[in-house]
Amino acid sequence: MQTLFRKLPKVDILMNSKELEIVKNSINSNKFYQLVKDEIEKYRTLIKNREITDFSIDEIINNIISNSKKVQGGNLKKVINGTGVIIHTNLGRSILNEQIGKRILETSTNYNNLEYDIKLGKRGDRNSHIEKLITKITGAESALIVNNNAAAVILCLNEFAKNKNVIVSRGELVEIGGAFRIPDIMELSGAKLKEVGTTNKTHLWDYENAITEETSMILKVHTSNFKILGFVESTDNLSIAKLGKEKNVITMEDLGSGILIDLSKYGITKEPTVQESVKSGIDLITISGDKLLGGPQCGIILGKKEYIDRLKKNQYLRAFRVDKLVLTALETTLEFYLDEREAVREIPTLKMITEDKEVVYKKAETLQKMFDEIGIQTKIIKSLAKIGGGSMPEECVDSFALAFSQNPLMLEERFRLGENSIIGRIQENSYILDLKTIFEDDFSTIIEKAKKIGIADE
Ligand SMILES: *Cc1c(COP(=O)(O)O)cnc(C)c1O
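These lines cover the structure that appears in this document, whether it is placed above or below. (Residues numbered from 1 in each chain as written. Predicted model: local features only at pLDDT ≥ 70, side-chain atom pairs only at ≥ 80, totals over all residues. Heavy atoms only, no water.)

**Quick look at the environment of Glu 187**
Alright, step 1. Along the chain, the position of Glu 187 falls in helix 9 (residues 182–189).
Alright, step 2. What makes Glu 187 exposed here is its relative accessible area of 65%.
Alright, step 3. Separated by 25 residues in the primary sequence, Glu 187 and Lys 162 have C-alpha atoms spaced 9.3 Å apart. (Helix = DSSP H or I, 4+ residues; strand = E, 2+ residues; numbered from the N terminus. Buried < 20%, exposed > 50% of the residue type's maximum accessible area, 1.4 Å probe, protein only.)

Now the structure itself:
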């Protein structure tokens, strides 16, 4: 036993060993120290309890390397999305173009001009970097960026409707993503909700009749994650904007997802674009940055300069402002929109939505072949990928998936747990991986995982 104890390497010797150099360079030094210390401690216990009679230094080193892989990703880490839901709220909504990572690295690991006007050599405005770009793309007079769309709505209501009435159609009193409920948001902002119309029909005269001295705003809300079918009528933006002007009431639209490109030419149901909303003359429009726009989490407020200028002075803005990482990501995303073809090619969310199904089929074939080679038979099946993100509730795009014959619950769990989480979907009692949301770069990782979890012999 004494010999074995003496054979145990010292922590610092292991930490400086050549074999562990890769690990040392790939994780932070505290974690590295902890890994080495834990492993030696483990062996000390094994020796003490006489559970081993010998061991090799190589064995310890290999264990450390293997354990290091588990801690490398951190808690918030990459997962492989095989669900076919493109804007998956639980899996991080829209994913970003790779170039954004490089730009973020540059601006965030260096000092930058976040709030500095280089031309004038004095304090600048963090909003200014994006405003020109977004007004050019949307046609709005002015714009303001906040943390998310929820913050955008609260800020606008607080500034323009505090202690006053806001008229909303009963068909638009939505709840989105659990915590965003129009009546609650209204209360939080200090505005008073005035419901008009009915669940399925709200006419222009409903709004008109509800306007009093106490009214400050008419709010339209995109119903996003639900749809009323049948006998339905809502009032168009143009009429609302006109009414607002006549009655001297601010008009606002919470567009939610907000698309900047008309996707109907790619076979997606026509949705009013942000540009169309702006053109209708609505005073204020709010959208999310990480839904159909395909950028980072943020909220964008568009509107007349006089209104945006007032919002910039609201105290809530200090709490809702975004940081340099988000601004860099948003600016890079918006730059793609200067050329629509580039946007569709470079913004992953748009690319996945508009991508031809033949491309997805080819991916399915490639992955199927790779599974074949390790002795796992799969079937290529047609699938409907969802746009998701609480945007277009019924909207699907054609896709293909690999269906597995093994027990679906077993597969779902084994692919999900451990290193390199793969999230699939169970459909008609089969486990499937939808190729719409899986990237070719991840194919080898998927195969490695499949080998490791031992499904070939089930
Ligand atoms: C998604 C959505 C929100 C919330 O947006 P976040 O960016 O998640 O805060 C608000 N309103 C509508 C209509 C939405 O679709």
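There's more to say after this.
**Looking at the sheet that holds strand 6 (residues 165–169)**
Alright, step 1. The strand order 5-13-12-11-10-6-9 describes an open sheet built from seven strands, whose pairing is mixed. Every other strand in the sheet has two partners, leaving strand 5 (142–146) and strand 9 (192–196) as the edge strands with one partner each. If you compare each strand with its neighbour and ignore which way they point, the axes differ by 25° on average.
Alright, step 2. Examined bridge by bridge, strand 5 and strand 13 (residues 299–303) share five bridges and lie antiparallel to one another. Note that in strand 13 the partner of Ala 143 across the bridge is Leu 302.
Alright, step 3. Seen against the sheet, helix 9 touches strand 6, strand 9, strand 10 (215–221) and strand 11 (250–256) and runs at an angle of roughly 145° to strand 9. (Pairing = 2+ DSSP bridges. Axes fitted to C-alpha atoms, helices over the stretch in contact; angles between N-to-C directions. Contact = heavy atoms within 4.5 Å.)

**Remarks on helix 19 (residues 408–416)**
Alright, step 1. The set of residues buried in helix 19 consists of Pro 408, Met 410, Leu 411, Glu 412 and Phe 415.
Alright, step 2. Looking at the buried residues of helix 19, the elements they touch are helix 18 (357–373), strand 15 (396–404), strand 16 (422–423), strand 17 (425–427), strand 18 (430–434) and helix 20 (443–452).
Alright, step 3. Capping of helix 19 at its N-terminal end is provided by Asn 407; its side-chain oxygen lies 2.9 Å from the backbone amide nitrogen of Leu 409.
Alright, step 4. Of the residues one or two after helix 19, Gly 418 is the one with positive phi, at around 80°. (Polar contact = N/O pair within 3.5 Å; in protein donor to acceptor, adjacent residues only side chain to side chain.)

**Regarding the pairing of strand 12 (residues 284–288)**
Alright, step 1. Along strand 12, five of the five residues are buried, which leaves the element largely enclosed by surrounding structure.
Alright, step 2. Side chains of strand 12 alternate between two faces, with Leu 284, Thr 286 and Ser 288 and Ile 285 and Ile 287 buried alike.
Alright, step 3. In this structure, strand 11 lies alongside strand 12, joined through four bridges in parallel fashion. Residue pairing across strands places Gly 256 opposite Ile 287, the latter belonging to strand 12.
Alright, step 4. For the crossover from strand 11 across helix 12 (residues 274–279) to strand 12, the handedness is right-handed. (Right-handed = clockwise from strand over helix to strand, strands pointing away.)

**Remarks on the pattern of salt bridges**
Alright, step 1. Tallied over the full model, the rule gives 27 salt bridges.
Alright, step 2. Here Glu 41 and Arg 44 are joined by a salt bridge, their closest N and O atoms 3.9 Å apart. Highlighted residues: Glu 41 and Arg 44, both in helix 4 (residues 29–48), separated by three residues, approximately one helical turn.
Alright, step 3. Here Arg 126 ties to Glu 115 by a salt bridge, and the two come within 2.8 Å at their closest N and O atoms. Of the two residues, Arg 126 sits in the loop between strand 4 (122–123) and helix 7 (128–138) while Glu 115 sits in the loop between helix 6 (98–108) and strand 3 (116–117), which places them 11 residues apart along the sequence.
Alright, step 4. A single salt-bridge network, built from bridges that share partners, covers Glu 115, Arg 123, Arg 126 and Arg 321. (Salt bridge = Lys/Arg side-chain N within 4 Å of Asp/Glu carboxyl O.)

**Description of the sheet that holds strand 15**
Alright, step 1. If you trace the five strands from one edge of the open sheet to the other, you get 2-14-15-18-17, paired in mixed fashion. The sheet terminates laterally at strand 2 (85–87) and strand 17, the two strands that pair on one side only. Sheet twist, expressed as the mean angle between neighbouring strand axes with direction ignored, is 45°.
Alright, step 2. Strand direction decides the pairing type here: strand 15 and strand 18, joined by four bridges, are antiparallel. The partner of Ala 401 across the bridge, within strand 18, is Asp 434.
Alright, step 3. Sitting on the sheet, helix 19 is in contact with strand 15, strand 17 and strand 18, with an inclination near 40° to strand 18.

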